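Next come the chains, spelled out residue by residue.
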Amino acid sequence: MEKNKLSIYIQIYHSFMENDMKKIKFLPIFLILVIMTSVFLAPSALALEEPELSCPSVLVLDRDTGEVLLERNADSKVYPASITKIMTVLLAVEAIENGQAFMTDEVTASANVTFDLVADGSSAGIMVGETMTLESLLYAAMLSSANEACNIIAEHIGGSIPDFVDMMNERAQELGCKATHFVNTHGLPDDNHYTTARDFSMIALEASRHDLFMTLCSTPTISIPATNLSGERTLKNSNALICPDGIYGSQYIYEYANGIKTGHTSAAGYCLISTANKERIHILASVFGGTESWPGPIPEYSNFSDSIKLYEWVFNNFAFREVLRSTDAVTSIPVDMGANADSVVLRPEKAISALLPNDSDLSNFSLSVSYDNGDGSEPILAPISAGDKLGQVTLIKNGISYGTVNLVAATGIDLSRGEYIKAQIKATTDSTAFKLILFAVIIIVLAYLALVITYRVRRIRHLRAMRMARLQKARQERLDREEQLLKEMEEPKSVPVKPAVSYFKEVDITEVPEKTAAQLREEQAERDYFEEFFKNI
């Protein structure tokens, strides 16, 4: 492309020169045109140049986030060959972790040990009736790629080989595989036994998250104990990136590699899913359809050479970059009863870094924020100390999470005493308990007032009645005395009669003694009445 543009510029220049030498004055304009065209038409100088690879189907991803860093024909149908054993061993590892099986289980090979196998397939020489631990079988499957070991594992974990294959397909669907189907436990060729680089990368990624699985697949060589039918076996890993004594020699040893599994059939070619770690960078690379070539005295296997190229490409062109800093103001939330502010700024508790190409644009990331008090619209109460956790933030790009950290208060906010007292009073008066107590007090006061009023009304009526009775009695007594006096005046008297004036003075009501016996009885009756009244209330 660059050569074609250069030839175009040369032709334009010659056309200027050939038409008229005087047009040399246009040379500055021509040079400006060249510069501008180079700026707008040339590819970015920062764009990553992908490595040259032989394997047709490739996928590289970041193990920490699952983000794809490079892919080629990742959704094309491929045959997994012995890569299949990753799923077989993953199911066994999960059964062990769930307590359904144990590494120390003694497992005896049944007559199905050679089910659907071929004579020249990879094997550890396990025979019918041979008993070994589940641990030895797992090492045989991962290091020696023993097909018969996979059948024995399948029967032990799944009850039968067909049932175990069903488990393999169910687990693949659970992991999100959309174009994968298993018909056996080991990967020998079958038209209905297929996958894609993307699908099996998801399976291998899940397997790499289990420590037991990584211990098995990262072991270069191991000796397993003798059995009832065999002596001690020495197993060597077929992954040439980590085992110098394997069948592929030592030329592909890669210092940062640490797993996972090889595969090869004539239909599948040479396959490899492997992992490599360098400092903080953790990579999983899947290559399918590799070839064997003889560029020199020893063969070259592109599944190993391409994997190394991919790792070097990532390590040389990617780095962890701080996308979200701990000093960044992410958001703010309102604060009630603050003495010095009515809102507080939230910042990340710590920075979030992402594995990115060296030329990447950091503006493509987005933030997902959650708050401890709901949606963040409701105010939080002071006091707040700097560093108090108030929420969380997640860094996202293309639907992939690059990490979640706490959101903390960037500054402290003191409590306003006045606002606090107002709030406490308002909270108290607004509370249901306060309203119930106030209602009860009002009812009690009203009841007391009603009682007092009733008492006073009855007392007044009673006093009036008693007063009227006394008046009537006094009046009647006066009338009786007057009548008696008149009778005495009409009758002849043999003895002097006291003057009427003196008599009336004695019976005048104003001259009646202060409390007579009758009055005392009346007062006692009144007291008895009111005591009986209050008892009945």
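See the structure printed just above.
Residues numbered from 1 in each chain as written. Predicted model: local features only at pLDDT ≥ 70, side-chain atom pairs only at ≥ 80, totals over all residues. Heavy atoms only, no water.

With respect to the sheet that holds strand E9 (residues 281–290)
Sheet strands line up and pair through hydrogen bonds in the backbone, either parallel or antiparallel. With antiparallel pairing, five strands are arranged side by side in an open sheet as E2-E1-E9-E8-E7. This sheet does not close on itself; its edge strands, each paired only once, are strand E2 (68–72) and strand E7 (257–265). Across the sheet, the axes of successive neighbouring strands diverge by a mean angle of 5°, strand direction being ignored. Direction of pairing for strand E1 (residues 57–62) relative to E9: antiparallel, over a ladder of six bridges. Bridge assignment links Leu61 to a residue of E9, and that residue is Leu284. Sheet strands touched by helix H9 (residues 302–317): E1, E2, E7, strand E8 (269–278) and E9. Its angle to E9, the strand with the most contacts, is close to 150°. (Pairing = 2+ DSSP bridges. Helix = DSSP H or I, 4+ residues; strand = E, 2+ residues; numbered from the N terminus. Axes fitted to C-alpha atoms, helices over the stretch in contact; angles between N-to-C directions. Contact = heavy atoms within 4.5 Å.)

Side note on the sheet that holds strand E17 (residues 380–381)
With respect to topology, six strands assemble into an open sheet ordered E16-E18-E19-E14-E13-E17, the strand pairing being mixed. Taken across any chain shown, the strands that pair with only one partner, and hence form the sheet edges, are strand E16 (366–371) and E17.

Examining the pairing of E1
Summarising burial for E1: six of the six residues are buried, a large majority. Neither face of E1 is exposed, since Ser57, Leu59 and Leu61 on one face and Val58, Val60 and Asp62 on the opposite face are all buried. Note: E1 against E2, four bridges, orientation antiparallel. Bridge pairing links Leu61 to Val68 in E2. (Buried < 20%, exposed > 50% of the residue type's maximum accessible area, 1.4 Å probe, protein only.)

A word on helix H7 (residues 197–208)
An ideal rise of 1.5 Å per residue puts 16 Å on 12 residues; H7 measures up with 16 Å between its terminal C-alpha atoms. Of all 12 residues in H7, 10 are buried, a share of seventy percent or more. Here H7 has its buried residues at Ala197, Asp199, Phe200, Ser201, Ile203, Ala204, Leu205, Glu206, Ala207 and Ser208. (Expected span 1.5 Å × (residues − 1).)

Description of the packing of aromatic side chains
As enumerated under the stated definition, the model contains 12 aromatic pairs in all. Consider the rings of Tyr256 and Phe315, whose centres lie 5.6 Å apart with planes at 75°: the pair is edge-to-face. Linking Tyr256 in the loop between strand E6 (233–236) and E7 with Phe315 in helix H9, this pair joins segments that are 59 residues apart in sequence. On the basis of relative accessible area, Tyr256 is assigned to the partly exposed category, the value being 22%. A connected cluster of aromatic rings, assembled from ring pairs, spans Tyr248, Tyr252, Tyr270, Tyr301 and Phe304. (Phe/Tyr/Trp six-rings, centres within 6.5 Å; stacked < 30°, edge-to-face > 60°.)

What about the side chain of Lys397?
Looking at the secondary structure, you find Lys397 in strand E18 (residues 389–397). Notably, Lys397 is buried but unbridged: the nearest opposite-charge side chain belongs to Glu67, and the N-O separation is 4.7 Å. Those residues in contact with Lys397 that lie beyond four places of it in its chain are Leu356, Asn364, Phe365 and Tyr402. (Lys, Arg positive; Asp, Glu negative; His and termini not counted. Salt bridge = Lys/Arg side-chain N within 4 Å of Asp/Glu carboxyl O.)

Quick notes on the pairing of E7
Counting buried positions along E7 gives eight out of nine residues, so the element sits mostly inside the fold. Note that E7 and E8 share seven bridges and pair antiparallel. Bridged to Ile260 within E8 is Ser274. Following E7, the chain reverses through three residues before pairing antiparallel with E8.

Details of the pattern of salt bridges
Scanning the model with the defined rule gives 11 salt bridges in all. Here Glu174 and Arg171 are joined by a salt bridge, their closest N and O atoms 3.2 Å apart. Here Glu174 pairs with Arg171, and both are found in helix H6 (residues 161–174), just three residues apart, close to one helical turn. With relative accessibility at 14%, the residue Arg171 sits in the buried group. One salt bridge in this structure joins Lys487 and Glu483, with 3.9 Å as the shortest N-O distance.

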